[in-house]
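# A look at the structure
Residue-level listing of the chains:
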Amino acid sequence: MALTLPAPAKLNRLLHITGRREDGYHELQTLFQFLDHGDTLHFRQRQDASINLTSTLIGIANDENLIIRAARMLQSETGCRLGADIHLDKRLPLGGGLGGGSSDAATTLLALNRLWDLGLSLEHLAMLGLRLGADVPVFVHGHAAWAEGVGERLTPIELDTPWFLVLHPGIEVSTPQVFGAPQLTRNTPPISMARALQEGPSTWHNDCEATVRRLYPAVDEAIEWLSAFAPSLLTGTGACLFCSLKDEADAREILAQVQDGWHAFVARGCNASPLHQALGLL
């Protein structure tokens, strides 16, 4: 009647913007990979239909929280009259490009599907998740992926799994501001998944990076600092940056030098989501 589950972070190890649709959304090509680091959610089933959320996160009203919205959507979709008490231990920064809110929503969908014994497939849950955000389906499916469209057309892949140093410069980046910026690159020629994988990490880039660095000097300063240790990239629309390293010791050596006011962590890349491993879905 209770579950404690991870909501792992993701990295965009490549992010191309290939066009802009009439509805204002952008056409993307990206490589998603999970990290063995993220938020933790605790669920306890209720016999009434109440959804109660407590959290270490400050500043987001419950009605706007993707966890609450995911739970209520699941009730509405299935007619389930059960509820849940949910507690969120928040570790991932807001506006960091690590997919924290989307991951929390996906963990909620999978956890309550299990607790309420609903029997919905991952495909059905991913369809529901897409209504909450373009990144939710990859967390629902639980495997590293090549993604196209707005990020919802997924092809599972196997990537290298290095150690990552992830750096957050202590600010929140507004995704709508980045995607609305006139100078944002929106015409990168599409490439095939095979070509992207063949060319490898040394050629991967993020089309949002130049715009974010221009709009947020703190990100520009942080990426200049991190790039002195290893080639570094922005994830998503930021604000987090990352570099990959062969050894955990190398990553922790950089971690020890992170300056005051910045936040950083070391994590291993995962092709299989820690959430799905915890639920025995792999």
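In the block above lies the structure referred to throughout.
Tracing the backbone through its elements, the reader meets Lys246 in the loop between strand 9 (241-245) and helix 9 (248-255). On the basis of relative accessible area, Lys246 is assigned to the exposed category, the value being 78%. Sequence separation between Lys246 and Pro162 is 84 residues, and the spatial gap between their C-alpha atoms is 5.5 Å.

A word on the side chain of Gln33. Inspection of the secondary structure puts Gln33 in strand 2 (residues 26-46). For Gln33, a relative accessible area of 1% translates into the label buried. Reaching out from Gln33, the side chain makes a polar contact with the side chain of Arg13 at a distance of 3.0 Å. Ignoring any residue separated from it by four or fewer positions in sequence, one finds Gln33 in contact with Ala9, Lys10, Leu11, Arg13, Ala144, Leu159, Asp160, Thr161, Phe164, Gly269, Cys270 and Asn271.

In this section: the pattern of salt bridges. Scanning the model with the defined rule gives 13 salt bridges in all. Across the salt bridge formed by Asp23 and Arg21, the nearest N and O atoms sit 2.7 Å from each other. The class of Arg21 is partly exposed, set by a relative accessible area of 31%.

This part is about the packing of aromatic side chains. Aromatic ring pairs are reported here in terms of the distance separating the ring centres and the angle at which the planes meet. Applying the stated criterion across every chain yields a total of four aromatic pairs. Centre to centre, the rings of Phe34 and Phe139 are 5.8 Å apart; their planes meet at 50 degrees, and the pair counts as tilted. With Phe34 in strand 2 and Phe139 in helix 4 (residues 136-141), this residue pair connects regions lying 105 residues apart in the sequence. Judged by relative accessible area, which is 2%, Phe139 ranks as buried.

Grouped together as the largest cluster of nonpolar side chains are 42 residues, with contacts concentrated most on Leu74, Ile86, Leu109, Leu112, Trp116 and Val140. Non-local contacts of Leu109, meaning those with residues more than four positions away in its chain, are made with Ala70, Leu74, Leu125, Gly129, Val136 and Val140. Judged by nonpolar contacts, the second largest core, of 28 residues, contains Leu28, Val212, Val219 and Ile254.

Cut-offs and rules
Residues numbered from 1 in each chain as written. Predicted model: local features only at pLDDT ≥ 70, side-chain atom pairs only at ≥ 80, totals over all residues. Heavy atoms only, no water. Helix = DSSP H or I, 4+ residues; strand = E, 2+ residues; numbered from the N terminus. Buried < 20%, exposed > 50% of the residue type's maximum accessible area, 1.4 Å probe, protein only. Polar contact = N/O pair within 3.5 Å; in protein donor to acceptor, adjacent residues only side chain to side chain. Contact = heavy atoms within 4.5 Å. Salt bridge = Lys/Arg side-chain N within 4 Å of Asp/Glu carboxyl O. Phe/Tyr/Trp six-rings, centres within 6.5 Å; stacked < 30°, edge-to-face > 60°. Core = buried A, V, L, I, M, F, W, Y, C linked by side-chain atoms within 4.5 Å.

So yeah, pure geometry; function would need other evidence.
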